[in-house]
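Structural overview
Letter by letter, the chains look like this.
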Amino acid sequence: MNIREMSVNGQRIIPPLELNMEKGIILGIQTNVQRKKILLAQFAERGDAYLSFAEQGEYTRLTVEELLRFMKSVSGHDKPVRLMLQLFQLGEYHKVKIADLPSSKKIYLSLLRVYYAQQPIIVLEEPYFQLEEPDQLAFARLLEELSEEKQILILTANLEDALISCDTVYRLDEAGLHLLDITDADDEMETRDEPGEAEFKIHKIPTKKNDKTILFNPPEIDYIESINSSAMVHVAGETYACALTLAELEERLQHYGFFRCHRSYIVNLQKVRELITWTKNSYSLRLTTGKDSVVPLSRTKLAELKELLNI
Amino acid sequence: MNVSLKRIQAIFIKDYKEFSRNYAVSIMILFPIAFALLYRSEAGDQAAIYAFIMNFSLAMLTSFVQACLIAEEKERNTLRSLMMTPASMLDVLIGKSALVFLISAAVLAFSTYLFGYETSNVMLLTAALGISIVLYTAIGTICGLYSKTLLEASLSVFPVLIIFTAGPFALAFEEQYPFLEVLRYLPSSQLSELLVAMEVGAAAGELARPLVIISIWAVVLTIISFILYKKRLMDQ
């Protein structure tokens with residue numbers, strides 16, 4: 001699929017692109033709001049894509065069952081409504097008016113319109129942004145099932161959202177698409193030195209914030225994230241820039257129970273509370289810190305992590 | 001553009017449920033009934049009063065409900081999603097218009113009964129009101145297409161209400177201001193003229209003229225509403 005070049009005020013926003021979409025692979029593109037809108041507009045011109053917009057409203061005076069019945073007759077879908085209610089895990093809500101649903105369920109229901117789409121391509125804008133976790137989980141499973149028959153593309157501004165259900169994630173900027181390495185990070189894992197023979201080293205992590213240099217003790221750190229190839233250290237909900245690369249940091253921190261859980265993330269294992277399984281090949285780690293912080297976990301790193309934790 | 005009865009029916013039922021549960025809109029069916037009861041006892045100029053009630057009801061009920069149904073669908077972005085299903089634009093428009101037509105017909109018939117209006121020619125009255133409902137539905141569609149929200153839609157109906165309902169009354173000043181002659185050709189004035197002519201027992205030729213003018217209005221406005229509907233939905 002080809003995307004045309006787009007310029008605003010003489011500045012190139014999107015170069016001409018070619019997207020390879022396949023059934024069975026959920027594609028994700030992480031980009032800013034402006035590019036998202038441009039992409040959506042280009043997809044809207046094509047007749048063969050169903051677009052699910054973030055601001056999709058709903059017939060709020062209908063009950064859930066009535067809406068599904070309406071969607072069924074309008075789209076010519078063949079499965080009975082009762083079966084769909086079960087599949088969508090909405091059985092207990094079938095008599096509830098949509099206006100009275102919890103807000104996360106309301107958005108979940110709007111997203112389910114993609115299930116009735118007849119088009120071979122489905123494009124979703126920010127599907128997970130306003131969903132609560134159980135609904136994210138439920139929707140991720142449905143999408144995975146749907147991807148057997150349809151080509152699915154998720155547009156989001158938030159990398160973590162893309163990682164929930166995408167098999168392949170690209171970052172889009174003015175230079176074009178950049179593949180984010182999620183699944184096959186194996187090849188790049190460096191051979192590590194045997195621990196123990198290291199000489200004395202500084203174990204504080206130097207960071208910068210507002211022109212001040214701040215030194216952190218490794219146990220204080222929650223996790224480290226790589227954004228545009230510079231490391232951001234997260235401590236108690238605040239972020240600090242660090243001049244070291246992720247590889248250097250990983251080497252420094254491995255004796256402190258830190259773990260490279262993803263190509264762009266190092267996490268402090270002491271602070272991991274929960275291992276979240278989104279689908280059979282996408283995982284996240286929830287931390288114990290006060291804020292609701294979640295760090296993605298590559299499938300390839302999962303085995304290594306399980307070994308480390310003896311689970 | 002393919003039209004499917006099954007989809008039209010689905011849209012009809014969906015809109016009926018939404019209409020009956022949205023009291024801000026469905027309360028409009030009480031106006032014609034209340035007016036019919038209010039003016040029932042008055043003797044004398046029955047045809048003119050009856051024509052006023054019908055004209056008022058057509059604008060207040062038919063146009064208003066149709067405008068609200070379309071505007072609400074736009075406001076909630078459900079129309080855009082509906083356009084991506086196999087349902088065509090025509091399915092949506094026919095489903096909504098059919099609902100509005102049935103509601104209006106039932107309410108107008110009921111208020112005619114309550115008012116106790118008796119006519120010598122039921123067929124002619126039914127035809128005139130039926131064509132008027134089509135015409136006011138088209139006006140409602142146009143109002144709905146030009147408003148983004150439910151609130152805008154309910155306000156946009158008021159100019160229609162004022163021009164069409166008050167038109168026949170402004171004709172009283174025709175001698176002072178000759179240009180008001182134009183108002184004679186409003187469908188509401190024509191409906192009023194038709195009813196008065198029926199009461200005095202005018203000749204068939206005289207009865208046909210208002211009916212033809214109302215029909216021309218209905219055809220022209222329906223075509224305009226179709227074109228606008230298609231154009232404005234493409235722009236979205």
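Everything below is about the structure shown above.
Below: a short report on this structure. (Residues numbered from 1 in each chain as written. Chains lettered and ligands numbered in written order. Predicted model: local features only at pLDDT ≥ 70, side-chain atom pairs only at ≥ 80, totals over all residues. Heavy atoms only, no water.)

Looking now at the overall build of chain B. For chain B, the helix and strand inventory stands at 10 helices and 0 strands. A compact globule built from 236 residues would reach a C-alpha radius of gyration of about 18 Å, and chain B, at 18 Å, matches this within 12%. If you line up chain B on its principal axes, its C-alpha atoms span 55 × 35 × 30 Å. By the burial criterion, 53% of the 236 residues in chain B qualify as buried. In chain B, 79% of the contacts between residues at least 6 apart in sequence involve partners at least 24 apart. As displayed, chain B has an accessible area near 10900 Å², and 70% of this comes from carbon and sulfur atoms. (Helix = DSSP H or I, 4+ residues; strand = E, 2+ residues; numbered from the N terminus. Rg over C-alpha atoms; globule rule 2.2 N^0.38 Å. Buried < 20%, exposed > 50% of the residue type's maximum accessible area, 1.4 Å probe, protein only. Contact = heavy atoms within 4.5 Å. Areas by Shrake-Rupley, 256 points an atom, 1.4 Å probe, with all protein chains shown as cover.)

Quick look at the sheet that holds strand β7 (residues 121-125) of chain A now. All names here are of chain A. Sheet architecture is open: 6 strands sit in the order β6-β7-β8-β5-β9-β10, paired in mixed fashion. Each having just a single partner strand, β6 (49-52) and β10 (176-180) make up the two edges of the open sheet. Across this sheet, the average inter-strand angle for adjacent strands is 25 degrees, counted without regard to direction. Summarising the sheet, β6 and β7 pair through 4 bridges and their orientation is parallel. Bridge assignment links Tyr 50 to a residue of β7, and that residue is Ile 122. (Pairing = 2+ DSSP bridges. Axes fitted to C-alpha atoms, helices over the stretch in contact; angles between N-to-C directions.)

We now examine the nonpolar core. With 153 residues, the main nonpolar core has Phe 88 and Phe 139 of chain A as its most contacted residues. It is helix α4 (residues 46-75) of chain B that contributes the most residues to this core, 19 residues altogether. Apart from the residues within four sequence positions on either side, Phe 139 of chain A is in contact with Tyr 108, Leu 111, Leu 112, Val 114, Leu 124, Pro 127, Tyr 128 and Leu 131 of chain A. Within the second largest apolar cluster, 15 residues are counted, among which are Ile 205, Phe 216, Ile 221 and Ile 266 of chain A. (Core = buried A, V, L, I, M, F, W, Y, C linked by side-chain atoms within 4.5 Å.)

Take the packing of aromatic side chains next. Residues and elements named next belong to chain A. For the structure shown, the criterion picks out 17 aromatic pairs over all chains. Both rings, one in Tyr 59 and one in Phe 70, keep their centres 5.5 Å apart while their planes meet at 90 degrees; by these two values the pair is edge-to-face. Linking Tyr 59 in the loop between β6 and α2 (64-75) with Phe 70 in helix α2, this pair joins segments that are 11 residues apart in sequence. Across the pair, Phe 70 and Tyr 59 agree in class, each one buried. (Phe/Tyr/Trp six-rings, centres within 6.5 Å; stacked < 30°, edge-to-face > 60°.)

A word on the sheet that holds strand β20 (residues 294-297) of chain A. Residues and elements named next belong to chain A. With respect to topology, 3 strands assemble into an open sheet ordered β18-β19-β20, the strand pairing being antiparallel. Strands with a single pairing partner mark the edges of an open sheet, and in this sheet they are β18 (272-279) and β20. The average undirected angle you get between the axes of adjacent strands in this sheet is 30 degrees. With 4 bridges connecting them, strand β19 (residues 282-287) and β20 associate as antiparallel partners. Looking at β20, one finds that Ser 284 is bridged to Pro 296. Those strands touched by helix α5 (residues 133-146) are β18 and β19, and its axis lies near 35 degrees from that of β18. Lying on the sheet, helix α8 (residues 299-309) is in contact with β18, β19 and β20; it crosses β20 at an angle near 100 degrees.

Residues and elements named next belong to chain B. At their nearest, the axes of helix α3 (residues 30-38) and α4 sit 9 Å apart, and the two run at 165 degrees to each other. Viewed along their axes, α3 and α4 adopt a mutual orientation that is roughly antiparallel. You can see that α3 and α4 cross each other, and the crossing is right-handed. Contacts between α3 and α4 pair Phe 31, Pro 32, Phe 35 and Ala 36 from the former with Phe 52, Ile 53, Phe 56, Ser 57 and Leu 61 from the latter. (Parallel < 35°, antiparallel > 145°, perpendicular 65-115°, else oblique. Left-handed = near helix turned anticlockwise from the far one by under 90°.)

Let's shift gears to unusual backbone geometry. The phi torsion at Gln 89 of chain A lies on the positive side, around 55 degrees, for a residue other than glycine. When you line up the elements, Gln 89 of chain A lands in the loop between α3 (81-87) and α4 (103-111). Residue classification places Gln 89 of chain A among the exposed positions, given a relative accessible area of 53%. Non-glycine residue Asn 77 of chain B carries a positive phi angle of around 60 degrees. Here Asn 77 of chain B shows up in the loop between α4 and α5 (78-83).

A few words now on the interface of chain A and chain B. Each partner contributes residues to the interface: chain A has 22 residues there, and chain B has 21 residues. Between chain A and chain B the total buried area reaches about 2000 Å² when both faces are included, carbon and sulfur atoms providing 58% of it. On the chain A side of the interface with chain B, the three residues burying the most area are Tyr 59, Arg 61 and Val 74 of chain A, jointly 35% of the side's total. Counting the contacts that link chain A with chain B gives 12 residue pairs in polar contact (both at pLDDT 80 or more). (Buried area = accessible area lost by both parts, 1.4 Å probe. Polar contact = N/O pair within 3.5 Å; in protein donor to acceptor, adjacent residues only side chain to side chain.)

Moving on, we get to the pattern of salt bridges. This structure, assessed with the given rule, holds 24 salt bridges over all chains. Here Glu 72 of chain B makes a salt bridge to Arg 61 of chain A, at a shortest N to O gap of 2.9 Å. Residue Glu 72 of chain B is located in helix α4, and its partner Arg 61 of chain A is located in the loop between β6 and α2; the two belong to separate chains. For Glu 72 of chain B, a relative accessible area of 8% translates into the label buried. For Arg 61 of chain A, a relative accessible area of 17% puts it in the buried group. Its salt-bridge partner being Glu 66 of chain A, residue Arg 21 of chain B comes within 2.9 Å of it at the nearest N-O pair. In this pair, Arg 21 of chain B sits in helix α1 (residues 5-21) while Glu 66 of chain A sits in helix α2, so the two residues belong to two different chains. On the basis of relative accessible area, Arg 21 of chain B is assigned to the partly exposed category, the value being 22%. Salt bridges sharing common partners tie together Arg 61 of chain A together with Glu 18, Glu 72 and Arg 76 of chain B. (Salt bridge = Lys/Arg side-chain N within 4 Å of Asp/Glu carboxyl O.)

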